[in-house]
Amino acid sequence: MNAARGVNDQGPRFPEDFVWGAATAAYQVEGSPDADGRGPSIWDTFAHTPGRITNGDTGDVAADHYRLFRDDVALMADLGLSAYRFSVSWPRIQPGGKGPANPAGLDHYERLVDELLARGITPMLTLYHWDLPQELEDSGGWGARDTAVRFAEYAELVGARLGDRVPLWTTLNEPWCAAFLGYASGEHAPGRTDPALALRAAHHLMLAHGLATQALRAVLPPSGQVSVTLNLAAVLPAATSSAATNAVRRIDGLANRLFLDPLFVGHYPVDVQQDTARLTDWSFVRPEDLDVISTPIDLLGINYYSPTLVDVGPAIEGPSPWPACENVRFVQPPNARTTAMGWAIDAQGLRNVVHRVHEQYHPLPLMITENGAAFEDELGVDGVRDDERIAYLRDHLEVVHEAITAGIDLRGYFVWSLLDNFEWAYGYAKRFGIVHVDYATQARVWKDSAHWYRDVIRRNGLE
Ligand code: FCB
């Protein structure tokens, strides 16, 4: 026993400066859609469109974090978090996506950042977690090259105001989701179902990342670190056939290499361009764009939830998020336990993506910026027994520890999520928080996983 920390001191220990975090995103937790001059985002429009979200839920109130952020930061301090990953709502800063900053919007995030710093919690700020100002969507959204230019201006405004106290900056969260769920399958805002447009959107998102990285460099102090967060997929074949191997190549191309290659190698994967040639000639990519997109960054954020198993087979019904992959079938791993999302649980997938990035791309510092699970939590008189979530987090943290032991520069881990929140198309039906939120009263109740995570942080290791 470590008497000082009061917890069992055996088991894997993490490096002394390992970052223990939790993550949220603006539209999922904030509520207060009209406060302080905020404009509408594509998620306001989408959520208010009948039929888009389970139970007709919207982010209008969410976890009321815009108003309750001080209580929530106190909660983070009680958990012992070393960092909080949150996102800034672009339409709070520029209600229409362009022009001068709305001072009241910046003031809010300054208060949040100052509150975090006062509690010894490092702010990790994401500039884009999917809430594009609606006005920009109306003029083409991510299908328009101009949106990338606008994004860099927004990045500069936020960087100039908060650069002196936010050490970690993330341009985009999961550009794959923003492009392909937003513009190909239409499951996410803005709900478009045009695969060629989605490929364009993916490029403009990456261009936005590169331009914003340059804009941030110009305003941040030299110590300011810039990153991007990708949802990398551990893609494996469900059969030993060459057709299954080809399906892996295609999905890996769209999920991983479409983002990693331009960032770190300076070009788009040729096979992906060939596979999708019947949809687009890729003329939206200008040669100089690749230099912008591959502007060096300091850190790569990885979000990982579940493995991806593929084979050949009949098309996904309805609009697919995978352009030109009509004959790819997604397979549930046999005997896999699943979460309330129906996602298979396999921590080896996290091992796969971390090692892959480390071995095949520039060995740059990594952070797991999201990992976690939704389960059918039940709030009882004494809290929420969520042993499955604890097991999930423990398994994945073991993989993180192994990767560090193997020499990979993995600097931190952020649980998704601090709080139950608006889970996009699923609304409030899916709970990912380690802290339960009663949406009627906004009461926060620690689930067992929150107590467990606090102990992990205290001992800086697993039991
Ligand atoms: C990720 C998103 C995050 C959350 C989790 C469950 O794709 O970045 O906002 O919805 O999934």
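Note that the structure is predicted; figures quoted are calculated from it, not measured.

Draft legend 1. Here's a closer look at the overall build of the protein chain. When you go through the protein chain residue by residue, the secondary structure sums to 15 helices and 15 strands. Relative to the 2.2 N^0.38 estimate, which gives 23 Å for 463 residues, the radius of gyration of the protein chain is 21 Å and therefore close to what a compact globule would have. Considered along the principal axes of its C-alpha atoms, the protein chain spans approximately 65 × 55 × 45 Å. Put simply, the protein chain has 463 residues, and 62% of those count as buried. With the model as given, the accessible surface of the protein chain reaches about 16800 Å², and the carbon-plus-sulfur share is 50%. With 38 positive and 60 negative side-chain charges, the protein chain shows a separation of 1 Å between the mean positions of the two kinds.

Draft legend 2. Representation of the pattern of salt bridges within the structure. Counted by the stated rule, this structure contains 35 salt bridges. For the salt bridge of Glu30 with Arg92, the shortest nitrogen-to-oxygen distance reads 2.8 Å. Residue Glu30 is found in the loop between helix 1 (26-29) and helix 2 (42-47), and its partner Arg92 is found in helix 4 (residues 90-93); the two are separated by 62 residues along the sequence. Across the pair Arg165 and Asp164 runs a salt bridge, and its minimum N-O distance is 3.0 Å. Classification of Arg165 by relative accessible area gives partly exposed; the value is 23%.

Draft legend 3. Here's a closer look at helix 5 (residues 103-118). Compared with an ideal rise of 1.5 Å per residue, which puts 16 residues at 22 Å, helix 5 spans 22 Å between its outermost C-alpha atoms and is within 8% of the ideal. Residues of helix 5 that are buried include every one of Gly105, Leu106, His108, Tyr109, Glu110, Leu112, Val113, Glu115 and Leu116, and no others. At its buried positions, helix 5 is contacted by helix 1, helix 3 (65-79), strand 2 (83-87), helix 4, strand 3 (122-128) and helix 7 (145-162).

Draft legend 4. Representation of the packing of helix 8 (residues 175-183) against helix 10 (residues 242-264) in the model. Two elements in contact, helix 8 and helix 10, have axes separated by 10 Å at closest approach and are oriented at 130°. Taken together, the axes of helix 8 and helix 10 lie oblique to each other. In the packing of helix 8 onto helix 10, the handedness of the crossing is right-handed. Contacts from Pro175, Trp176 and Phe180 in helix 8 reach Leu254, Ala255, Leu258 and Phe259 in helix 10. When its residues are assigned to classes, the contact of helix 8 with helix 10 shows seven nonpolar, no polar and no charged.

Draft legend 5. How the structure looks around the site of the ligand. The local shell around the ligand consists of Gln28, His129, Trp130, Asn173, Glu174, Tyr305, Glu370, Trp416, Glu423, Trp424 and Phe432. Separating an oxygen atom of the ligand from a side-chain N or O atom of His129 is a distance of 2.8 Å. Glu370 is positioned with one of its side-chain polar atoms (N or O) 3.0 Å from an oxygen atom of the ligand. Contact with the protein chains covers 94% of the free accessible surface of the ligand, which is 300 Å². Taken together, the residues that form the shell around the ligand break down as five nonpolar, three polar and three charged.

Draft legend 6. Structural view of the confidence of the model for the protein chain. Looking at the protein chain as a whole, the pLDDT averages 97, with 98% of positions reaching at least 70. Predicted confidence for residues 1-7 stays below pLDDT 50, and this span has 11 contacts to residues more than four positions away or in other chains.

Draft legend 7. Fine view of the environment of Asp131. Secondary-structure assignment places Asp131 in the loop between strand 3 and helix 6 (134-138). Put simply, Asp131 and Asp346 are 215 residues apart on the chain and 30 Å apart in space, counted from C-alpha to C-alpha. Apart from the residues within four sequence positions on either side, Asp131 is in contact with Ala26, Tyr27, Ser41, Trp43, Val88, Ser89, Trp90 and Pro91.

Draft legend 8. Seen up close, helix 10. Between its first and last C-alpha, helix 10 extends only 28 Å over 23 residues, short of the 33 Å set by a 1.5 Å rise per residue. Bending of helix 10 peaks at approximately 50° at the position of Arg257. In terms of residue burial, helix 10 counts as a mostly covered element, since 18 of its 23 residues are buried. Residue Gly266 follows helix 10 closely and has a positive phi angle near 85°.

Draft legend 9. Focus on the packing of aromatic side chains. Tallied over the full model, the rule gives 32 aromatic pairs. Here the aromatic rings of Trp43 and Trp424 are separated by 4.7 Å at their centres, their planes lie at 55°, and the arrangement is tilted. Separated by 381 residues along the polypeptide, Trp43 in helix 2 and Trp424 in the loop between strand 13 (410-416) and strand 14 (435-438) bring together distant segments of the chain. As far as burial versus exposure is concerned, Trp43 and Trp424 are alike and both buried.

Draft legend 10. Molecular detail of the sheet that holds strand 6 (residues 235-237). If you trace the three strands from one edge of the open sheet to the other, you get 6-8-9, paired in mixed fashion. In this open sheet, the two edge strands, each paired with only one partner strand, are strand 6 and strand 9 (328-331). When strand polarity is set aside, the average angle formed by the axes of neighbouring strands in this sheet is 40°. For strand 8 (residues 308-312) and strand 9, the ladder comprises four bridges, and the chain directions are antiparallel. Pairing of Leu309 across the sheet is with Val331, part of strand 9.

Draft legend 11. The nonpolar core, seen in detail. Grouped together as the largest cluster of nonpolar side chains are 154 residues, with contacts concentrated most on Tyr128 and Phe180. Considering each element in turn, this core owes the most residues, 11 residues, to helix 9 (residues 195-219). The contact partners of Phe180, leaving out residues within four places of it in the chain, are Ser185, Gly186, Ala198, Leu199, Ala202, Leu254, Leu258, Phe259, Pro321 and Pro323.

Cut-offs and rules
- Counting starts from 1 at the beginning of each chain's written sequence and moves along it residue by residue.
- Confidence filtering applies because this is a predicted model: local features only for residues at pLDDT of at least 70, side-chain atom pairs given and counted only at 80 or more, and all residues used for totals across whole chains, interfaces and linings.
- Here the side-chain values reflect all heavy atoms present in the structure, with hydrogen atoms and water set aside.
- Under the scheme used here, helices are H or I runs from DSSP no shorter than 4 residues and strands are E runs no shorter than 2 residues, and both carry numbers assigned from the N terminus.
- As a reference, a globule follows 2.2 Å times the number of residues to the power 0.38, and the radius of gyration itself is taken over C-alpha atoms.
- Accessible area is worked out with a 1.4 Å probe on protein chains only. A residue is then buried under 20% of its type maximum, exposed over 50%, and partly exposed in between.
- Accessible surface area values rest on a Shrake-Rupley calculation with a 1.4 Å probe, where residue burial reflects the displayed protein chains alone.
- Just so you know, the count uses Lys and Arg for positive and Asp and Glu for negative, and it drops His and the chain ends.
- Positions of charges follow a simple convention, taking NZ of Lys, CZ of Arg, CG of Asp or CD of Glu.
- Each reported salt bridge corresponds to a side-chain nitrogen of Lys or Arg within 4 Å of a carboxyl oxygen of Asp or Glu.
- By this rule, a helix spans an expected 1.5 Å times one less than how many residues it contains.
- Pairs of residues are marked as contacts when any of their non-hydrogen atoms sit within 4.5 Å.
- All axes here are fitted lines through C-alpha atoms, helices being fitted over the stretch that makes contact, and every angle between N-to-C directions spans 0 to 180 degrees.
- For classification purposes, angles smaller than 35 degrees are called roughly parallel, those larger than 145 roughly antiparallel, those between 65 and 115 roughly perpendicular, and all remaining angles oblique.
- Two helices cross in a left-handed way if the nearer one is turned anticlockwise from the farther one by less than a right angle. They cross in a right-handed way if the turn is clockwise.
- Just so you know the grouping, Ala, Val, Leu, Ile, Met, Phe, Trp, Tyr, Cys and Pro go in nonpolar, Asp, Glu, Lys and Arg go in charged, and all remaining residues, Gly too, go in polar.
- Proximity criterion: a residue is near a molecule or strand once any of its heavy atoms comes within 4 Å of it.
- Contacts described as polar in this section are N or O atom pairs within 3.5 Å, which, within protein, must combine one atom able to donate a hydrogen with one able to accept it, while residues neighboring in sequence count only if both atoms come from side chains.
- Looking at any residue, its pLDDT shows the predictor's confidence there, from 0 to 100.
- Fitting one axis to the seven residues ending at a residue and another to the seven starting there, the bend at that residue is the angle between the two axes.
- Each Phe, Tyr or Trp ring (for Trp, its six-membered ring) is paired with any other whose centre lies within 6.5 Å, and the angle between the two planes then decides the class: stacked below 30 degrees, edge-to-face above 60, tilted in between.
- Strands are treated as partners if at least two bridges between them are detected by DSSP.
- Working definition of a nonpolar core: buried Ala, Val, Leu, Ile, Met, Phe, Trp, Tyr and Cys residues. They are joined through side-chain atoms within 4.5 Å.

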